[in-house]
Each structure stands twice: as structure tokens, then as C-alpha cells.
Amino acid sequence: MRTRDDPKTHWYPEAHFGGYTDADQVVVFYTRVRSLIEPSSVVLDVGCGRGGHTDELIPTRRRLRTLKGLSDRLIGLDVDPGASANPFVDEFHVIEPDGTWPVPAGSVDVLVGDYVLEHVEHPEVFFDECRRVLRPGGYLALRTTNSHSYFGLAARALPNRIHAGLVQRMYRSPRGEADVFPVRFRCNTITKIRAALDRRKFQHCVYGHQADPAHFGFSPILYRAGVLHQRYAPDRVKPTIFVFAQLMPDGQPRLTPT
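One structure accompanies this document, and this report is about it.

Rules of the game
Residues numbered from 1 in each chain as written. Predicted model: local features only at pLDDT ≥ 70, side-chain atom pairs only at ≥ 80, totals over all residues. Heavy atoms only, no water. Helix = DSSP H or I, 4+ residues; strand = E, 2+ residues; numbered from the N terminus. Polar contact = N/O pair within 3.5 Å; in protein donor to acceptor, adjacent residues only side chain to side chain. Buried < 20%, exposed > 50% of the residue type's maximum accessible area, 1.4 Å probe, protein only. Pairing = 2+ DSSP bridges. Right-handed = clockwise from strand over helix to strand, strands pointing away. Core = buried A, V, L, I, M, F, W, Y, C linked by side-chain atoms within 4.5 Å. Contact = heavy atoms within 4.5 Å. Salt bridge = Lys/Arg side-chain N within 4 Å of Asp/Glu carboxyl O. Phe/Tyr/Trp six-rings, centres within 6.5 Å; stacked < 30°, edge-to-face > 60°. Lys NZ or Arg CZ within 6 Å of the ring centre and 35° of its normal.

**Some remarks on unusual backbone geometry**
Even without a glycine there, the phi angle at Tyr-115 is positive, about 55°. Position of Tyr-115 among the secondary structure elements: in the loop between β4 (108-114) and α4 (123-133). A positive phi angle is found at Phe-185, which is not glycine, with a value near 55°. Structurally, the position occupied by Phe-185 is in the loop between α6 (163-171) and α7 (190-199).

**What about the side chain of Thr-144?**
Checked against the element boundaries, Thr-144 lands in strand β5 (residues 134-145). Polar contacts involving the side chain of Thr-144 include one to the side chain of Asn-188, which spans 2.7 Å.

**A few points about the pairing of strand β2 (residues 73-78)**
With respect to burial, β2 is a largely interior element, five of its six residues being buried. Both strand β1 (residues 42-46) and β2 contribute to a ladder of five bridges, which runs parallel. Along β2, the bridge assignment pairs Leu-44 with Ile-75. Taken together, β1, helix α3 (residues 59-65) and β2 form a β-α-β motif whose crossover is right-handed.

**Remarks on the nonpolar core**
Ranked by size, the top nonpolar core spans 31 residues in total, and within it Leu-44, Trp-101, Leu-111 and Phe-126 carry the most contacts. Residue assignment for this core shows that the elements contributing at least two residues are β1, β2, β4, α4, β5, α7, β6 (202-209) and β7 (240-247). The contacts of Trp-101, once residues within four sequence positions are left out, are Leu-44, Val-46, Leu-77, Ile-95, Leu-111, Phe-126, Glu-129, Cys-130, Arg-132 and Val-133. In terms of nonpolar packing, the next biggest core, distinct from the first, is built from 20 residues, Val-26, Tyr-30, Leu-36 and Ala-141 among them.

**Overview of the pairing of β7**
Taken across its eight residues, β7 has eight buried, putting it largely inside the fold. On β7, burial covers both faces: Thr-240, Phe-242, Phe-244 and Gln-246 on one face and Ile-241, Val-243, Ala-245 and Leu-247 on the other are all buried. The sheet contact formed by β5 and β7 spans seven bridges and is antiparallel. Residue Thr-145 lies in a different strand from β7, and its bridge partner there is Thr-240. As defined by bridge partners, β6 adjoins β7 across eight bridges and the pair is classed as antiparallel. Note on β7: the bridge partner recorded for Gly-208 is Ile-241.

**Details of the pattern of salt bridges**
The tally for this structure, following the rule as stated, stands at 13 salt bridges. For Arg-186, the salt bridge identified is with Glu-121, shortest N-O distance 2.7 Å. Here Glu-121 lies in the loop between β4 and α4 and Arg-186 lies in the loop between α6 and α7, a separation of 65 residues in the sequence. In this structure Glu-121 comes out as partly exposed when scored by relative accessible area, which is 34%. We note a salt bridge from Glu-124 to Arg-199, for which the minimum N-O separation is 2.7 Å. Residue Glu-124 is found in helix α4, and its partner Arg-199 is found in helix α7; the two are separated by 75 residues along the sequence.

**Quick word on the packing of aromatic side chains**
What characterises a pair of aromatic rings is the spacing of the ring centres plus the angle enclosed by the ring planes. Inspection of the entire model under this criterion finds nine aromatic pairs. Ring geometry for Tyr-207 against Phe-242: centres 5.6 Å apart, planes inclined by 80°, an arrangement best described as edge-to-face. Taken together, the residues span a long stretch of sequence, with Tyr-207 in strand β6 and Phe-242 in strand β7 at a distance of 35 residues. One aromatic cluster is present, formed by Phe-29, Tyr-30, Tyr-207, Phe-242 and Phe-244 through successive ring pairs. Geometry around Phe-244 places Arg-32 over its ring, the cationic atom sitting 5.7 Å from the centre. Its guanidinium or amino end placed over the ring of Tyr-12, Arg-231 lies 5.8 Å from that ring's centre, counting from NZ or CZ.

As C-alpha cells, this is what we get:
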């Protein structure tokens with residue numbers, strides 16, 4: 001039960017009921033991802049990690065992030081061989097040193113990359129691989145940090161070696177250094193992502209999203225500033241970019257992208 005002095009329930013009273021806000025990015029992102037998955041789908045989780053969301057305290061968020069069992073097969077990919085221990089994938093493969101993926105062309109129905117793009121050294125290779133492995137009509141869903149946001153600016157200004165400690169403090173997270181990877185921000189603006197998808201003939205919707213500022217939970221003053229930013233900042237500077245795209249079959253017209 002949340003207390004009256006909890007900044008989350010002060011600014012977002014709906015969080016009294018279930019523990020999450022109407023702006024919760026996990027709920028928003030994974031609800032849409034799950035709507036794209038059919039029982040017959042092959043799902044690819046790029047950057048699947050070790051399955052750390054088992055530490056999630058809010059049951060609804062934990063259930064939404066668990067995609068195993070929704071589809072015919074869930075494949076995990078990661079640069080870290082330790083991610084083979086992830087209990088939420090059906091099979092696992094390590095990403096090749098050149099950034100390519102050991103996944104057959106045209107074999108995936110839904111591709112998910114959750115906070116992965118900001119770590120990618122060569123985004124052209126990443127998006128080429130997305131297009132290669134997806135079947136015509138397949139879906140791409142990405143969640144990533146916006147390099148134009150205050151979060152992105154801070155991450156670029158601070159050395160990578162201190163990021164793990166900041167994550168633990170801001171989110172009260174149990175994650176250690178092994179689970180916090182260097183950030184690159186090679187393709188982390190709305191404009192750059194849209195252009196990358198256009199070049200590969202995706203129909204897409206790319207937009208900024210800002211959740212309740214959980215990262216400022218340690219400071220009521222910063223939390224209030226985060227609430228105001230969440231409510232009034234334009235899309236182009238919001239901390240998170242959501243990407244939902246579909247690989248259109250050859251010859252089929254695309255809708256106007258946003």
C-alpha cells in the first residue's frame with residue numbers, strides 16, 4: 001500500500017490501484033507489443049538480457065514484460081553470453097562480433113528491442129538486420145532513450161563507468177555493472193530513426209514518450225520537476241522514444257509515417 005507522502009500517488013493518484021500510473025511506459029509499450037503477437041508468431045527479443053524483470057515489484061508490469069508462452073517460439077539475442085540463462089526465452093543466440101544476427105532471413109513475425117538501440121555501435125547494421133530477419137508484414141517494436149532529452153544529454157556527458165551506480169541510485173535497482181552496458185547514441189533521435197526506417201521501406205510510427213518520473217523518486221523536488229516535464233515537454237525532447245513499424249510487402253503502399 002502506498003503512503004500519502006509517496007510522490008507517485010501524490011501526482012498520479014490512480015497508482016493507488018495496481019501500483020502503476022496511466023503514463024507508465026512499461027505498461028504502454030508492452031501492451032502494444034503483446035497486441036502484435038499471435039499464437040503462431042515467431043518473436044525475436046534483441047538484447048534480451050538475463051531476464052532481470054523478475055525483480056519487478058509491480059505484478060502487472062512483470063506479467064506484461066513476460067512474452068514467453070504468447071507465441072509459437074521466442075528467440076533471445078544478446079551480446080552477453082550470460083543472457084543464455086534468461087528463463088523467458090525458448091532459445092538463445094549470441095550476436096556476432098560484426099553486429100549481425102544468427103537468425104534466418106524472413107523468419108520473424110515480431111521483433112522487440114527494449115532499450116537496446118542506444119547501445120548499438122553501428123545502427124545501419126542493426127536496422128539492416130531488422131529488415132532482413134522480418135517476414136513481409138512483420139512488426140518491429142523498439143523502446144530507446146532519446147539523445148535530445150535531459151536523460152540522453154546527461155548520459156552522454158557522464159562517463160560510462162559511473163552509469164551503473166547512477167542506475168542503482170535513481171531506480172533503487174539491484175542491477176550491477178554486468179547488466180549496464182556503454183551507451184553510444186548513434187541513432188537516437190526521432191528524426192534519425194524515421195529516416196532509417198524510411199530507407200528500409202517500413203511503415204512506422206515513431207514518437208516521444210515520458211512516463212511518471214520514477215528515476216526522481218529519491219527527491220520530491222526533482223520528482224515535481226519531472227512531472228511538469230512529462231506533462232508539457234514536446235515529443236522531440238521526451239526521455240523515451242517509442243518505435244512501432246511494419247515491414248510492408250513489396251509493391252504494397254505504405255501509410256503516411258509519423
